[in-house]
Protein chains: 2
Amino acid sequence: MRGVVMHTAGDVRVEDREDPQILEPTDAIVRLTATCICGSDLWPYRGVEPADHQVMGHEYVGVVEETGAAVKNVQVGDFVVGSFVISDNTCEICRAGFQSKCVHAEFVAQTIGTQAEKARIPHADGTLVATPGRPDADLVPSLLAASDVLGTGWFAADGAQAGPGKTVAVVGDGAVGLMAVLAAKELGAERIIAMSRHPERQRLARSFGATDIVAERGDEGVARIKELTGGLGAHSVVEAVGTQESFMQAVGATRGGGHLGYVGVNYDVTIPGIELFFAGIHTLGGPAPVRRYLPDLIRRVWDREIDPGTVFDLTLPLEEAAEGYRAMDERRATKVLLTL
Amino acid sequence: MRGVVMHTAGDVRVEDREDPQILEPTDAIVRLTATCICGSDLWPYRGVEPADHQVMGHEYVGVVEETGAAVKNVQVGDFVVGSFVISDNTCEICRAGFQSKCVHAEFVAQTIGTQAEKARIPHADGTLVATPGRPDADLVPSLLAASDVLGTGWFAADGAQAGPGKTVAVVGDGAVGLMAVLAAKELGAERIIAMSRHPERQRLARSFGATDIVAERGDEGVARIKELTGGLGAHSVVEAVGTQESFMQAVGATRGGGHLGYVGVNYDVTIPGIELFFAGIHTLGGPAPVRRYLPDLIRRVWDREIDPGTVFDLTLPLEEAAEGYRAMDERRATKVLLTL
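Residue indices begin from 1 for each chain and proceed along its sequence in written order. A letter from A marks each chain and a number from 1 marks each ligand, given out in the order of writing. The predicted origin of the model limits local features to residues at a pLDDT of at least 70 and limits the giving and counting of side-chain atom pairs to 80 or more, whereas totals for whole chains, interfaces and linings rest on all residues. The side-chain quantities take in all heavy atoms of the structure and omit both hydrogens and water.

Engineer: I'd love a proper account of the overall build of chain A, names of residues and values included.
Structural biologist: For chain A, the helix and strand inventory stands at 13 helices and 19 strands. Based on C-alpha atoms, the radius of gyration is set beside the globule rule, defined as 2.2 Å times the residue count to the power 0.38. Taken against the 2.2 N^0.38 rule, which gives 20 Å for 340 residues, the C-alpha radius of gyration of chain A at 19 Å falls within 12% of a compact globule. Once the C-alpha set of chain A is aligned to its principal axes, its extents read approximately 60 × 40 × 40 Å. To sort residues, take the accessible area from a 1.4 Å probe on protein chains only and compare it with the maximum for the residue type: under 20% means buried, over 50% means exposed, and anything in between is partly exposed. Out of the 340 residues in chain A, the part that is buried amounts to 61%. Throughout, a residue-residue contact means that at least one pair of heavy atoms, one from each residue, lies within 4.5 Å. Considering only residue pairs separated by 6 or more positions, chain A has 68% of its internal contacts joining residues 24 or more positions apart. When the accessible surface of chain A is split by element, carbon and sulfur atoms take 47% of a total near 12,400 Å². Neither His nor the chain ends contribute to the count of charged residues, in which Lys and Arg are positive and Asp and Glu negative. A single reference atom marks each charge: NZ on Lys, CZ on Arg, CG on Asp, CD on Glu. Between the averaged position of the 31 positive side-chain charges in chain A and that of its 46 negative side-chain charges there is a distance of 4 Å. By definition, any uninterrupted DSSP run of H or I lasting at least four residues is a helix, any uninterrupted run of E lasting at least two residues is a strand, and each is numbered from the N terminus. Here the Shrake-Rupley method, with its probe set to 1.4 Å, supplies the accessible areas, and only the displayed protein chains count as covering residues.

Engineer: I'd like a description of the relation of the copies chain B and chain A, backed by residues and values.
Structural biologist: Copies are brought into register by a least-squares superposition over C-alpha atoms of residues with pLDDT of at least 70 in both. Between the two copies, chain B and chain A, the superposition gives an RMSD of 0.0 Å; the rotation angle is 180° and the shift along the axis is 0.0 Å. What the superposition gives is, in effect, a two-fold axis relating one chain to the other. The fraction of interface residues of chain B whose copies in chain A are also interface residues reaches 100%, indicating that both copies meet through the same surface.

Engineer: Tell me about helix 7 (residues 175-186) of chain A, residues and numbers included.
Structural biologist: All names here are of chain A. For helix 7, spanning 12 residues, the distance from its first C-alpha to its last is 17 Å, which sits close to the expected 16 Å at 1.5 Å a residue. Counted residue by residue, helix 7 has 10 buried out of 12 residues, so it is predominantly covered. Among the residues of helix 7, Ala 175, Val 176, Gly 177, Leu 178, Met 179, Ala 180, Val 181, Leu 182, Ala 183 and Ala 184 are the ones counted as buried. Downstream of helix 7 by a residue or two, Gly 188 has a phi angle that is positive, lying close to 95°. To estimate how far a helix should reach, multiply one less than its number of residues by 1.5 Å.

Engineer: Please set out empty space enclosed by the protein residue by residue, giving values where relevant.
Structural biologist: Here a cavity denotes grid points, spaced 1 Å and computed from the protein atoms alone, that fit a 1.4 Å probe unable to get out, and a pocket denotes an open set having protein on both sides within 12 Å along at least 5 of 7 lines; residues with an atom within 4 Å of a point are the lining. Grid points are joined across faces, edges and corners, and a volume is the space filled by probe spheres set on the points. Tallying each qualifying case throughout the model produces one cavity of 30 Å³ or more. Within this model, the largest cavity holds a volume of roughly 30 Å³. Lining the largest cavity, in full, are Gly 280 of chain A together with Phe 98, Ser 100, Lys 101, Phe 155, Gly 285, Gly 286 and Pro 287 of chain B. A breakdown of the residues in the lining of the largest cavity according to their chemical character gives three nonpolar, four polar and one charged. The residue classification treats Ala, Val, Leu, Ile, Met, Phe, Trp, Tyr, Cys and Pro as nonpolar and Asp, Glu, Lys and Arg as charged. All others, Gly included, are polar.

Engineer: Kindly report on the packing of helix 9 (residues 218-228) of chain B against helix 10 (residues 244-253) of chain B, identifying the contributing residues and their values.
Structural biologist: All names here are of chain B. To obtain each axis, a line is fitted to C-alpha atoms, and for helices this fit is confined to the stretch in contact; angles are then taken between N-to-C directions over 0 to 180 degrees. Running from N to C, helix 9 and helix 10 point in directions that differ by 25°, and their axes come no closer than 9 Å. Between helix 9 and helix 10, the angle falls in the class roughly parallel. As for the relative orientation of helix 9 and helix 10, their crossing is right-handed in sense. Only Glu 245, Gln 249, Gly 252 and Ala 253 of helix 10 make contact with helix 9, whose side of the interface consists of Gly 218, Val 222, Ile 225 and Lys 226. Within the contact of helix 9 with helix 10, the residues separate by chemical class into three nonpolar, three polar and two charged. Working rule for angles: under 35 degrees goes down as roughly parallel, over 145 as roughly antiparallel, 65 to 115 as roughly perpendicular, anything else as oblique. Left-handed describes a crossing whose near helix is turned anticlockwise from the far helix through less than a right angle; right-handed describes the clockwise counterpart.

Engineer: If you had to explain the sheet that holds strand 4 (residues 54-55) of chain B to someone new, which residues and values would you point to?
Structural biologist: Strand pairing in a sheet relies on backbone hydrogen bonds, with the paired strands running either antiparallel or parallel. All names here are of chain B. Pairing in this open sheet of three strands is antiparallel, and the strands run 2-1-4 from one edge to the other. In this open sheet, the two edge strands, each paired with only one partner strand, are strand 2 (11-16) and strand 4. Direction of pairing for strand 1 (residues 2-8) relative to strand 4: antiparallel, over a ladder of two bridges. Paired with Met 6 across the strands is Gln 54, a residue of strand 4. Pairing between strands requires that DSSP locate at least two bridges from one strand to the other.

Engineer: Any chance you could break down the pattern of salt bridges for me, citing the residues and the numbers?
Structural biologist: Residues and elements named next belong to chain B. Definition used for salt bridges: Asp or Glu carboxyl oxygen within 4 Å of a side-chain nitrogen of Lys or Arg. This model, assessed by the stated rule, comprises 50 salt bridges over all chains. A salt bridge links Asp 27 to Arg 120, with the shortest nitrogen-to-oxygen separation between them at 2.8 Å. A residue pair is termed long-range when its members are at least 10 positions apart, and Asp 27 in the loop between strand 2 and strand 3 (28-37) and Arg 120 in strand 9 (residues 118-121) qualify at 93 residues. One salt bridge connects Asp 138 with Arg 304, and the closest N-O pair in it is separated by 2.6 Å. Here Asp 138 is found in the loop between strand 10 (128-130) and helix 5 (140-146), whereas its partner Arg 304 is found in the loop between helix 12 (290-302) and strand 18 (314-317), with 166 residues between them in sequence.

Engineer: Now, about helix 6 (residues 149-159) of chain A: what can you tell me, with residues and values included?
Structural biologist: Residue and element names in this part refer to chain A. Counting buried positions along helix 6 gives 10 out of 11 residues, so the element sits mostly inside the fold. Those residues of helix 6 that sit buried are Val 149, Leu 150, Gly 151, Thr 152, Gly 153, Trp 154, Phe 155, Ala 156, Ala 157 and Gly 159. Buried-residue contacts for helix 6 involve helix 5 (140-146), helix 7, strand 14 (234-239), strand 15 (254-262), strand 17 (282-285) and helix 12 (290-302). Positive phi shows up at Gln 161, right after helix 6, with a value of about 60°.

Engineer: Give me the interface of chain B and chain A: which residues, what numbers.
Structural biologist: The accessible area lost on association of the parts is a frequent measure of interface size. At the junction of the two partners, chain B supplies 35 residues and chain A supplies 35 residues. Where chain B abuts chain A, roughly 3,000 Å² becomes buried across the two surfaces, and 68% of that area is made up of carbon and sulfur atoms. Throughout, buried area stands for the accessible area (probe radius 1.4 Å) lost by two parts on being put together, summed over both. The largest share of the area that chain B buries against chain A comes from Ile 271, Ile 274 and Phe 277 of chain B, three residues that together contribute 19% of it. Where chain B touches chain A, the interface holds two salt bridges. Residues Glu 92 of chain A and Arg 255 of chain B are paired through a salt bridge, measuring 2.9 Å at the closest nitrogen-oxygen approach. The term polar contact refers here to a pair of N or O atoms within 3.5 Å; inside protein, the definition further demands a hydrogen-donor-capable atom paired with an acceptor-capable atom, and it admits residues adjacent in sequence only when both atoms are side-chain atoms. Linking chain B to chain A there are eight residue pairs in polar contact (both at pLDDT 80 or more). Among the secondary structure elements, those contributing two or more residues to the side of chain B that touches chain A are helix 2 (92-95), strand 15 (254-262), strand 16 (270-272), helix 11 (273-279) and strand 17 (282-285) of chain B. Considering every element that reaches the side of chain B that touches chain A, the biggest residue donor is helix 11 of chain B, with six residues.

Engineer: Before we move on, can you summarise the state of the cysteines with the specific residues and values?
Structural biologist: A disulfide bridge is the covalent bond that connects two cysteines by way of their sulfur atoms. Note on disulfides: each one is a pair of cysteine sulfur atoms within 2.5 Å. Within this structure, the stated rule accounts for zero disulfides over all chains. In this model Cys 36 of chain A remains outside any disulfide bridge; the closest cysteine sulfur is found in Cys 38 of chain A, 7.2 Å from its own. With a relative accessible area of 0%, Cys 36 of chain A lands in the buried category. Cys 91 of chain B carries a free sulfur, and the closest cysteine sulfur to it, the one in Cys 94 of chain B, is 3.8 Å from it. Here Cys 91 of chain B falls in the buried class, since its relative accessible area comes to 10%.

Engineer: Please set out the environment of Ile 121 of chain B residue by residue, giving values where relevant.
Structural biologist: Looking at the secondary structure, you find Ile 121 of chain B in strand 9. Look at Ile 121 of chain B and you get buried, because its relative accessible area is 0%.

Engineer: Tell me about the domain arrangement of chain A, residues and numbers included.
Structural biologist: All names here are of chain A. Where each domain starts and ends follows an automatic or database-derived domain assignment. The domain boundaries assigned to chain A delineate domain 1 (2-148 + 289-339) and domain 2 (152-285). Once you take the C-alpha centre of each, domain 1 and domain 2 turn out to be 26 Å apart. Each partner contributes to the interface: domain 1 provides 22 residues, whereas domain 2 provides 20 residues. A combined buried area of about 1,700 Å² lies between domain 1 and domain 2, and 63% of that area is made up of carbon and sulfur atoms. The interface formed by domain 1 and domain 2 holds three salt bridges in total. Of the charged contacts, one joins Glu 186 and Arg 300 as a salt bridge, the two residues approaching to 3.2 Å between their closest N and O atoms. The tally of links between domain 1 and domain 2 comes to six residue pairs in polar contact (both at pLDDT 80 or more). By residue number, the principal contributor to the side of domain 1 that touches domain 2 is helix 12, which donates six residues.

What follows is the structure, encoded as structure tokens:
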């Protein structure tokens, strides 16, 4: 099969890779319908994380082609959406809703690589969720978004306790930040402040439900959020960038007793304990337990209540993945969908 | 009046200080019945924080001696317990239960200094809580504990979501850690693991409700907590030490999706963002909003449901405060009560 391999930073190629095989009775082989490039794929692309002939991709939708003998919840022929973290969905941690910390957790990104024609998905019963039927073509991008970027933004907004009566500030106007805006709106937030200085992303943020835009960053961004919230800060803040500045901006923008949801930090971020302490806030972070949200997100997409697929602003065939990486790296695209 | 002044690190004296006066109509003057020395007073004592002729003390119970014209909730003659952070208890942050982040928040420690015969308490209506009557003498230590160390331990345990069915690990066997053990028990936790290697503190921890003791620290301590929890970590972890090692021990001891409550970090603590991220946990930290808990804690003490006053293992007259500091510094005492 064809699949993406990142030879080294900046060198993305589409090559022949071996067809995946069922290795464990709990595996399924999925023939992918669509996949995409994640903001986190830019870390190795930019050399911030190592890349040495690394398979890439962790977002995926497709049709089950083969199942191991123990798989019961999905059948050959089912259209499925999967999380970017493998989970059994039965252990104590999964049952508490933190499937990304499952005792069998495994990152799809590091070993499987779904920027490819097919993928072997371990713990298929716990990882994949079947849609009610074969989706209309226009639903595919939104279902694909649920696999990570929507699920992650949703987790961040939920973790920040976005809801009725709340003012939510979203730090970051990438795909995850935009999805957090959408999630905050769906969760009933009263006011949603998107922090962005790119006109096109501001427009997208408004389309997903942002009521206010703040262009300032760092301490100035914090001051602006305080101004907009009677000096108190936002009830709920989503951090969806992952740099030192953005993290501390998010901490500063959260009111005392408020909630910060963060869904990615790079290796250089160090949090001064005393600043976090005196902020007096709740935090929830980590790889999102997307699996927890998938049934609900699939239903909302299926019923056309939400249209997160509009976050994809460039669609390319898998063979042109390298151009997709370039477009995202140069910020010519927010998020790139790869067709198969 | 007489009161404690820390001239410089290690140099604590009891001196004549000016009697406090009503400055604002919302002030009250309290004649103190008892006060105490806090673990946090050891930071300047040890030179970790600056001290230059600093008034000391932030825990207090006593009798209202005078009130400003605007004070309505407490009367002259009332026996009161106050929080170590001034709060109006009416602003939006207070109403959300985070009185330690009140828009009028002020630390008693830095400006008032309750290791003294009297104290001026600003925002008396929002800061002080009257007891149902004059307490029996044996209740005074427990009421004093509510002022900070019990309230803080309670906040940490509550923030860590200690409750029925939960395994709670408490990092730190100082007074706050011990009070967190008591709080976890009162909140209904199933299993309470106290991390301590001091036999006397272990005994105290068991007396407050600890079911297990772990003597190991750092990575070994984390490994032991995992062993005791089926490899998962504790549902709820309280951090009540505030060093780099103890903070990361607490992070490591918390299961994915679990809750960490932390109630003090020193200025040297820096949290690696990536470790906190991949832990996938909830955190809540900050100066405890003791005021939120005071009515409930006073009732529990008054009804003799809890006896947190046993955390004081040395009682001295105010004039001997210097010896109290030495005893705590040398770990000869867990917590020192000063009588007036």
